[in-house]
Amino acid sequence: MAARALREAGRRRRGWAAEVGRRCFSGGSAGAAVAETKEGAAGGGKAVNLFTAVNQALHIALDTDPRAYVFGEDVGFGGVFRCTTGLADRFGKNRVFNTPLCEQGIAGFAIGLAAMGNRAIAEIQFADYIFPAFDQIVNEAAKFRYRSGNEFNCGGLTIRTPYGAVGHGGHYHSQSPEAFFCHVPGLKVVIPRSPREAKGLLLASIRDPNPVVFFEPKWLYRLAVEEVPEEDYMLPLSQAEVIRKGSDITLIGWGAQLGVLKEACEDAAKDGVSCELIDLKTLIPWDKETVEASVKKTGKLLVSHEAPITGGFGAEIAASIAERCFQRLEAPVARVCGLDTPFPLVYEPFYMPTKNKVLDAIKATVNY
Amino acid sequence: MAALWLARASSQLARRAARSLARHGEPSPPWFLASAPPPPVLGPPAVERSRRRGFCSVRRFAGESSAAAAAAAAATAAVEEEPENGFAAGADQAIDFPGGKVSFVAEMNFLPDSQRERINCYRVLDDDGRTISDSKFQEVSKEVALKMYSEMVTLQIMDTIFYEAQRQGRISFYLTSNGEEAINIASAAALSIDDIVLPQYREPGVLLWRGFTLQEFANQCFGNKLDYGKGRQMPIHYGSNRLNYFTVSSPIATQLPHAVGAAYSLKMDKKDACAITYFGDGGTSEGDFHAALNFAAVMETPVIFFCRNNGWAISTPTTEQFRSDGVVVRGQAYGIRGIRVDGNDALAVYSAVHAAREMAITEGRPILVEALTYRVGHHSTSDDSTKYRPIDEIEHWRTARDPISRYRKWVQGNGWWSDAEESELRSRVRKELLQAIQVAERMPKPSVAELFTDVYDQIPSNLREQDQLLRDTIMKHPADYPTDVPV
Ligand SMILES: Cc1ncc(C[n+]2csc(CCOP(=O)(O)OP(=O)(O)O)c2C)c(N)n1
Ligand SMILES: [Mg+2]
């Protein structure tokens, strides 16, 4: 599955990108332009952490498309999470630069740049600080194509932003605001779970002809290390991945939460419960078919995310699966999520959807 | 580039200050208005007039309804015969436009992007802590002067010790105000306790001045049960209702519009008080900064916008933040009076804020203060600033431009302070701090119940349910949870 998903773009992409003129992102042809699948690409490559994988993707994005730009607060010296290290030196200050401290400016500027046929790769320093840009993202980026009857689009736009808990981030360095953006037709929302995923999904997001909000699990920037192919490759958007096969219950998550879910699967297995684990990867438009097929098999579903439970994207998944799999469900869909409070500092361990909370919910659902 | 700018700015400080002082010739009460811009053109009468006329009544200025225009009346007859064409008009042609009369000119003059000379900077103390001859400043009593000094020292020591505590892993985060002690303490000293403070995060000295104890600071940084924020926010996010100091919020510049609203309330309540909000050079790029200044001018609110222009926003130098002459010039575009002040000169900061407060309250108007200074420390404990700025730049500001030693020279020059008192102060504060840290560290955290309070005024049913569920989970898996948080 992972191997199928890995796609090599390489030279062909380079040629394609160079031919793209101004305002050429309207066709939705980027997917078609993706080169053939390269079997076995999943293995190999150096073991790197997640920020390095992001950094590699940005190097490739800038290298393969002369119309690509990377910018944001403190991006010039490498970014506060080191994701943009070396880019300004290699590609120059015209293509990689610091912006003034203004998220609405970053998003608005990026939309204009993208609308002129460029790949605007904007960084918002923390997802917690994306809200000044909310109007630009929701009312402008998301509707640019639709409102003009496809006269204009800003499909070259990708907004990267670190999200989620880190153990000591308190209210404003911990939030997971993905659900807000999932409520906005016209945007894509993508969240990787590991370095290899981050590189492939980021390159796919950058090259996708739609505006994408790309949330990076900041807890994993240094923590997650795995072998990442050095070459240019993309992983498909809107394709979930079954990362562990099982028969008793389906677990779905995204980003850093998959680490928690994986551990829960292993512990559940010791108790004889077989869990199927799915990484959703793209939250909108999401891959209902993969989830549906799994739930039809297991008859049980658990969704887990760090964001507050009420109105979280888990609610959307639960509702959709209840609609599609009502007859096959043997228990109510379980949700193990963040609490309905602001993200608290001292109480972070209490707030989090921990492994044991997941395990308890697995047991309760399986024994329903 | 930024390094150059700062160096240049600092070397020019003295010359500019001298030049500005030369202009302070005759004493005209109040002294601080001598350097203020001329009375605003957009006063209330003009607004009244334009309202009567309606928006955009394009016509030659005939002067029939305005006393100010009477002088132009003589020329009116001749002008009346020329075609209705702005570009052909002579200098005596004008239109009455909302806001007042606008003259027509034949030349196509674009406004320059900046003035030829940078706005000068008000200063009282020279580098050696001597008052610059002829300098005008607000007198400070010996008592206040000494309190200012000892609080500046206290802030410095608090920063050193808390920073070290973070390095030792005892608190999760810290951020110093090094190099900005004069701004912190002197601005606070010029205010009254009834003035409402809306801070960014590098102004704990204001709170210190108002009586927040070292124990209270420590309690917040350790997030223990005596922290007013109940352990919910990161260290340095202080706040105190008692001391009229709104709780720090990490998102940049959001507090600026709040300050305008708070100031409007003070005005409606006819309070003898203003609001003051602090922010960095970086903060001036946010939309909230512009919204706040415009609101403040239009609503005529008694608010002081205090910008700490310390040259850096994390790794971004001011040259990549804005291309205006700093921040003070932005005020004028919004119709706001402003002053640039040497932020490392305690007496200048004190005097400027004292005067700003006076004008804000008595005239019901916002004032913009831009203090030139330097962020001597790293941005925070998450940052290593040697990655993006030269060490000798930091060293220069840390030593040669240190606001505390400059002010100490002045205090000592007055015979108010001795070396013996200095070492007594330093060792006392250090002891108090170490004690405060020990107490704060041993103090239990707030209980789990507080996780669910204050989301709303009362706990709604979803949170009651989650509280119960959480308690069950804690019972089942006690090892997952910290032992210092009472359940
Ligand atoms: C809305 C928002 N965007 C980004 C950040 C991240 N951030 C924290 S401090 C800072 C720089 C602030 O610089 P400045 O306003 O000059 O204040 P200083 O730190 O120099 O005192 C940035 C970008 C934030 N806290 N809030
Ligand atoms: Mg700054």
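If you're wondering where the values come from, they're calculated on a predicted model, not measured in any experiment.

## Let's talk about the sheet that holds strand β3 (residues 196–198) of chain B
Residue and element names in this part refer to chain B.
(1) Moving on: Strand order in this open sheet of five strands is β3-β4-β5-β9-β8, and the pairing throughout is parallel. Either end of the sheet is taken by a strand with one partner, and the two such strands are β3 and β8 (337–342). In this sheet, adjacent strand axes meet at a mean angle of 20 degrees when their direction is disregarded.
(2) Moving on: Contacts between helix α5 (residues 181–189) and the sheet are confined to β4 (275–280), β5 (303–309) and β9 (367–372), with β5 contributing the most and set at about 165 degrees to the helix.
(3) Moving on: Sitting on the sheet, helix α9 (residues 287–299) is in contact with β4, β5 and β9, with an inclination near 150 degrees to β5.

## Side note on the confidence of the model for chain A
(1) Moving on: Chain-level statistics for chain A give a pLDDT mean of 91 and a share of 88% at 70 or above.
(2) Moving on: In this model, residues 1–41 of chain A is a region of pLDDT below 50 whose contacts with residues beyond four sequence positions or in other chains number 86 contacts.

## Re the site of ligand 1
(1) Moving on: Lining the immediate surroundings of ligand 1 are 22 residues, of which E103 of chain A together with Y201, R202, G282 and W312 of chain B lie closest.
(2) Moving on: Near ligand 1, residues from chains A and B are present, making the site a shared one.
(3) Moving on: At a separation of 3.2 Å, an oxygen atom of ligand 1 approaches a polar side-chain atom of D281 of chain B.
(4) Moving on: One of the backbone N or O atoms of W312 of chain B is found 2.8 Å from an oxygen atom in ligand 1.
(5) Moving on: Starting from 580 Å² of accessible surface for ligand 1 in isolation, the protein chains cover 97%.
(6) Moving on: Residue classes in the shell around ligand 1 are distributed as eight nonpolar, eight polar and six charged.

## With respect to the side chain of D360 of chain A
(1) Moving on: By the secondary structure assignment, D360 of chain A is in helix α16 (residues 355–366).
(2) Moving on: With relative accessibility at 16%, the residue D360 of chain A sits in the buried group.
(3) Moving on: Excluding residues within four positions of it along the chain, D360 of chain A makes contact with T473, K476 and H477 of chain B.

## Observations regarding the packing of helix α12 (residues 257–270) of chain A against α16 of chain A
Packed helices, taken two at a time, are described by the angle between their axes plus the distance between the axes.
Residue and element names in this part refer to chain A.
(1) Moving on: Two elements in contact, α12 and α16, have axes whose closest approach is 9 Å; the angle formed by their N-to-C orientations is 50 degrees. Overall, the two elements α12 and α16 adopt an arrangement that is oblique. Remark: the crossing between α12 and α16 carries right-handed chirality. Contacts between α12 and α16 involve Q257, V260, L261, E263, A264, D267 and A268 on the former and, on the latter, K355, V358, L359 and I362.
(2) Moving on: Here the contact of α12 with α16 is composed, by residue class, of seven nonpolar, one polar and three charged.

## Regarding the pattern of salt bridges
All names here are of chain A.
(1) Moving on: Inspection of every chain in the model, using the stated rule, returns 53 salt bridges over all chains.
(2) Moving on: Taking the shortest distance from any N to any O, the salt bridge between E216 and R160 comes out at 2.6 Å. With E216 in strand β8 (residues 212–217) and R160 in strand β6 (residues 157–163), this residue pair connects regions lying 56 residues apart in the sequence. Taken as a pair, E216 and R160 share a single burial class, namely buried.
(3) Moving on: R193 is paired through a salt bridge with E241; the nearest N and O atoms lie 3.4 Å apart. Taken as a pair, R193 in the loop between β7 (188–190) and α10 (195–207) and E241 in strand β11 (residues 241–244) lie far apart in primary sequence, 48 residues in all. You'll find R193 and E241 in the same group, each marked buried.
(4) Moving on: Put simply, R193, E197, E241, D279 and K281 are held in one network by salt bridges that share partners.

## Overview of the domain arrangement of chain A
Residue and element names in this part refer to chain A.
(1) Moving on: Partitioning chain A into domains gives domain 1 (2–228) and domain 2 (241–366).
(2) Moving on: Contacts between the two partners involve 29 residues from domain 1, matched on the other side by 24 residues from domain 2.
(3) Moving on: Three residues, C182, I191 and R193, lead the burial of domain 1 against domain 2; their summed loss comes to 27% of the area buried on that side.
(4) Moving on: The interface formed by domain 1 and domain 2 includes 11 residue pairs in polar contact (both at pLDDT 80 or more).
(5) Moving on: Among the residues forming the side of domain 1 that touches domain 2, the class breakdown is 17 nonpolar, eight polar and four charged.

What counts and what doesn't
- Residues numbered from 1 in each chain as written.
- Chains lettered and ligands numbered in written order.
- Predicted model: local features only at pLDDT ≥ 70, side-chain atom pairs only at ≥ 80, totals over all residues.
- Heavy atoms only, no water.
- Pairing = 2+ DSSP bridges.
- Helix = DSSP H or I, 4+ residues; strand = E, 2+ residues; numbered from the N terminus.
- Axes fitted to C-alpha atoms, helices over the stretch in contact; angles between N-to-C directions.
- Contact = heavy atoms within 4.5 Å.
- pLDDT = per-residue confidence, 0-100.
- Near = heavy atom within 4 Å.
- Polar contact = N/O pair within 3.5 Å; in protein donor to acceptor, adjacent residues only side chain to side chain.
- Areas by Shrake-Rupley, 256 points an atom, 1.4 Å probe, with all protein chains shown as cover.
- Nonpolar A, V, L, I, M, F, W, Y, C, P; charged D, E, K, R; others polar.
- Buried < 20%, exposed > 50% of the residue type's maximum accessible area, 1.4 Å probe, protein only.
- Parallel < 35°, antiparallel > 145°, perpendicular 65-115°, else oblique.
- Left-handed = near helix turned anticlockwise from the far one by under 90°.
- Salt bridge = Lys/Arg side-chain N within 4 Å of Asp/Glu carboxyl O.
- Domains from an automatic or database assignment.
- Buried area = accessible area lost by both parts, 1.4 Å probe.

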